[in-house]
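A structural walkthrough
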Amino acid sequence: VPGHERFIKNMLAGAEGIDFALLIVAADEGVMPQTREHLAILDLLQVRGGVVAITKKDLVGEEELELATMEVEELVKGTTLDHCPILTVSAVTGEGLPELVSALDNLLDSALPRKDTGRPRLSIDRVFTMSGSGTVVTGTLRDGSFSLGQTVEVLPSGLKARIRGLQTHKQQIDTATPGSRVAINLAGIAIHDLKRGDLVTVSDWLIPGRTLDVKLRLLPGLPHPLRHNTSVVLYAGATQIGGKVRLLDTEKLMPGETGWAQIVTAEPATVVKGDRFIIRSPDETLGGGEVVDPLAKRHRRFHQATLESLRVRAEGLLEDSLLDTLESKGPMDLAKLQALCNLSAGEARAAVGDLAMKKRVVVLGDSETALIFPARGWERLVERAKAVVQEHGERFPLRPGIPRQELRNRLNLPSHSFALCLQLLLQDGVLVEDNATLRLPSFDIRPTPEQGAAMESFLDALARDPRSPSGELTLDRDLLGLLIKQRRVVKVSDSVIFTTSAYDEMEGLVTGYLKSRGKITLAEARDLLGTSRKYAQALMEHLDARGVTRRTGDERTLK
């Protein structure tokens, strides 16, 4: 691109998509200030290499050309273009142009395939309309493919659209692959709903964030350090957003130094882990680096555990980075983990499998929605679950256990996650399930002597008139629940309780009567049982509810 300062922003909008750079220096002018800035940006974005062309050799003598070459060699030393071919050419005479073309061909032959994570991203650098087509956006496609007819989402707005047409290098295509320059004809979205820097992607994986953890390097030639809370402009892809830099490990970052920082943006940023970025003041490039966490929380400054976590996620082994992400963000499914770490499904699955074999993670379930815990996180959840269940048992010693829903609420887990966790807790014998309640294996209901005496007194009172027990009899709710669990009494309604022996005897009389007579009325049941209408009705309705009998009008039959 032209070297004038006004064009730096355009260069930044397109630089994320390039594999190699062709750096041009005019022999009669030498290295200009914008040449240095362009090279610094290439270095910060880690463009892998390229070619340097010293042009206009026909306008200078041999000595001046040699001085220009030496200046360029000094310029690129220690940068991403160090050791790249430096060629002298003339567009007028054609001298050196075949060698330049050959060098570029060699570079392209060595280009590695672009990463395909299955999550395509296109940062929009141009929006326009075409007669007969409608809205068209252009950009460089990263991390996945787009196809005709595919539904896409535009971030950060969240608007949906459909791909009506695809072009690359003016050729109509059905599928666009990573690394391509692509024009997309979008249906269902208006041009005024789009702007440069918006991201076209697929739904349900990328969440725009406003606090980015980054590894930041300052350019060595700056006349001043970068201080904490300095206002900057962030360039990532085609995005240009204002924000502030929070330095996490120093009060001021000196020129040429690298440090850990957070960039707090004025608007949501659509970046992922590993994305390269540049920061500028209004009129100069300050530095740049790599996104470590696109959805960071605000960190305490000079906190060693935080700094070590950032180092592991940025510089550590893949397994360590995944594990640290799980420990800092909490358990998650494979799809969310691979998106946060910017990995393909295969990379993430293999790494998680290795971690599981080493017992560094616990995987709950066996599908794409399996929940992945860091081992220490799972241990903490197990201890928390045990503590909650034990506390409930101490508060309510006569109840069989804690209801499942109450445990889920206390652990603050979504329903699907809780179901997976409970399955393993039961499988490992950490908890025991008993009629939709949960208890520790060691838990046992043990009434006090006073409570035991109250229960026996209640049973004795019921037995005095077993088919018509007094409605005045009362017992503590938990003690009554224990008698029901022990099947010593049967509660047939809110106001009627029978001893189990009385209930079984009355059920036997009713079923025997029905087997011989075929049907029974409520009045006949009352007379058969020798009790009042109240107790006969309560018993018959309970038998209906159990499916022993079926009511038709005023009569009942065996079901």
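These lines cover the structure that appears in this document, whether it is placed above or below. (Residues numbered from 1 in each chain as written. Predicted model: local features only at pLDDT ≥ 70, side-chain atom pairs only at ≥ 80, totals over all residues. Heavy atoms only, no water.)

**Considering the overall build of the protein**
- Tallying secondary structure elements over the protein gives 16 helices and 32 strands in all.
- Relative to the 2.2 N^0.38 estimate, which gives 24 Å for 559 residues, the radius of gyration of the protein is 37 Å and therefore markedly larger than a compact globule would have.
- Per-residue burial over the protein gives 48% buried out of 559 residues.
- A separation threshold of at least 6 residues defines the contact pool for the protein, and within that pool the share at least 24 residues apart is 65%.
- Accessible area of the protein: about 27900 Å², with a carbon and sulfur share of 50%. (Helix = DSSP H or I, 4+ residues; strand = E, 2+ residues; numbered from the N terminus. Rg over C-alpha atoms; globule rule 2.2 N^0.38 Å. Buried < 20%, exposed > 50% of the residue type's maximum accessible area, 1.4 Å probe, protein only. Contact = heavy atoms within 4.5 Å. Areas by Shrake-Rupley, 256 points an atom, 1.4 Å probe, with all protein chains shown as cover.)

**Describing the sheet that holds strand β25 (residues 402–403)**
- Ordered by their spatial adjacency, three strands build an open sheet running β25-β27-β26, and the pairing between neighbours is antiparallel. Across the chains shown, the open sheet's two edge strands, defined by having one partner strand only, are β25 and β26 (432–434). (Pairing = 2+ DSSP bridges.)

**Quick word on the pattern of salt bridges**
- According to the stated counting rule, one finds 36 salt bridges in the structure shown.
- For Lys77, the salt bridge identified is with Glu74, shortest N-O distance 3.6 Å. In terms of burial, Lys77 and Glu74 fall into one category: exposed.
- Two residues, Glu315 and Lys215, come together in a salt bridge whose shortest N-O distance is 2.5 Å. Of the two residues, Glu315 sits in helix α5 (residues 304–315) while Lys215 sits in strand β14 (residues 209–218), which places them 100 residues apart along the sequence. (Salt bridge = Lys/Arg side-chain N within 4 Å of Asp/Glu carboxyl O.)

**A few points about the packing of aromatic side chains**
- By the definition in use, this model includes two aromatic pairs.
- When the ring of Phe373 is compared with that of Trp378, the centres are 5.3 Å apart and the planes differ by 70 degrees; the resulting orientation is edge-to-face. For the pair Phe373 and Trp378, one class covers both residues: buried.
- Aromatic pair Phe498 and Tyr535: ring centres 6.3 Å apart, planes at 55 degrees, arrangement tilted. With Phe498 in strand β29 (residues 497–499) and Tyr535 in helix α16 (residues 533–546), the pair connects residues that are 37 residues apart, well separated along the chain.
- Among the residues examined, Phe498 registers a relative accessible area of 0% and is labelled buried.
- Under the relative-accessibility criterion, Tyr535 is labelled buried at 9%.
- The residue whose ring lies beneath Arg119 is Trp205, and the NZ or CZ to ring-centre distance is 5.2 Å.
- The ring of Phe396 is capped by Arg399, whose NZ or CZ atom sits 3.9 Å from the centre of that ring. (Phe/Tyr/Trp six-rings, centres within 6.5 Å; stacked < 30°, edge-to-face > 60°. Lys NZ or Arg CZ within 6 Å of the ring centre and 35° of its normal.)

**Comments concerning the pairing of strand β16 (residues 230–236)**
- As judged from the seven bridges shared by β16 and strand β17 (residues 239–247), these two strands associate in the antiparallel manner. Looking across to β17, one finds that Tyr235 is bridged to Gln240.
- Between β16 and β17, which pair antiparallel in sequence order, lie two residues; one of them, Gly237, sits at a positive phi of approximately 60 degrees.
- In terms of strand pairing, β16 meets strand β20 (residues 276–280) through three bridges, oriented antiparallel. Looking across to β20, one finds that Leu234 is bridged to Ile279.

**Structural notes on helix α12 (residues 449–464)**
- The end-to-end C-alpha distance of α12, which contains 16 residues, comes to 23 Å, matching closely the 22 Å that a straight helix rising 1.5 Å per residue would cover.
- Considered for burial, the residues of α12 that qualify are Met455, Phe458, Leu459, Ala461 and Leu462. Down the axis of α12, the buried side of the element spans an arc of 160 degrees, and every buried residue falls inside it. Seen from the open side of α12, the exposed residues pointing more than 90 degrees away from its buried face are Pro449, Glu450 and Arg464.
- In this structure, the buried residues of α12 make contact with α13 (477–485), β28 (489–491) and β29. (Expected span 1.5 Å × (residues − 1). Arc of directions from axis to C-beta.)

**Overview of the sheet that holds strand β32 (residues 555–558)**
- Taken together, the three strands give an open sheet; going across it, the order is β30-β32-β31, and neighbouring strands pair in antiparallel fashion. Two strands close off the open sheet at either side, each with one partner strand: β30 (520–521) and β31 (549–552).
- Note that β30 and β32 share two bridges and pair antiparallel. Bridge pairing in β32 places Ile520 opposite Arg556.
- Its contacts with the sheet place helix α14 (residues 500–517) against β30, β31 and β32, and it is angled at close to 90 degrees to β32. (Axes fitted to C-alpha atoms, helices over the stretch in contact; angles between N-to-C directions.)

**Here we look at a negative patch on the surface**
- Residues Asp28, Glu29, Asp58, Glu62, Glu63, Glu64 and Glu66 make up a contiguous surface patch of negative charge.
- Examined against the element boundaries, Glu62 turns out to sit in helix α3 (residues 62–76). (Patch = residues over 30% accessible without salt bridge, like charges linked within 9 Å, V, L, I, M, F, W, Y side chains within 5 Å. Lys, Arg positive; Asp, Glu negative; His and termini not counted. Charge placed at Lys NZ, Arg CZ, Asp CG, Glu CD.)

**Regarding the pairing of strand β12 (residues 181–187)**
- Within β12, six of the seven residues are buried, leaving the element largely enclosed by the surrounding structure.
- When strand β6 (residues 134–142) meets β12, the two strands line up antiparallel, connected through six bridges. When the bridges of β12 are listed, Thr135 appears paired with Leu186.
- In this sheet, β12 lies alongside strand β9 (residues 159–168) in antiparallel orientation, the contact comprising five bridges. Across the sheet, residue Gln167 finds its bridge partner in β12, namely Ala183.

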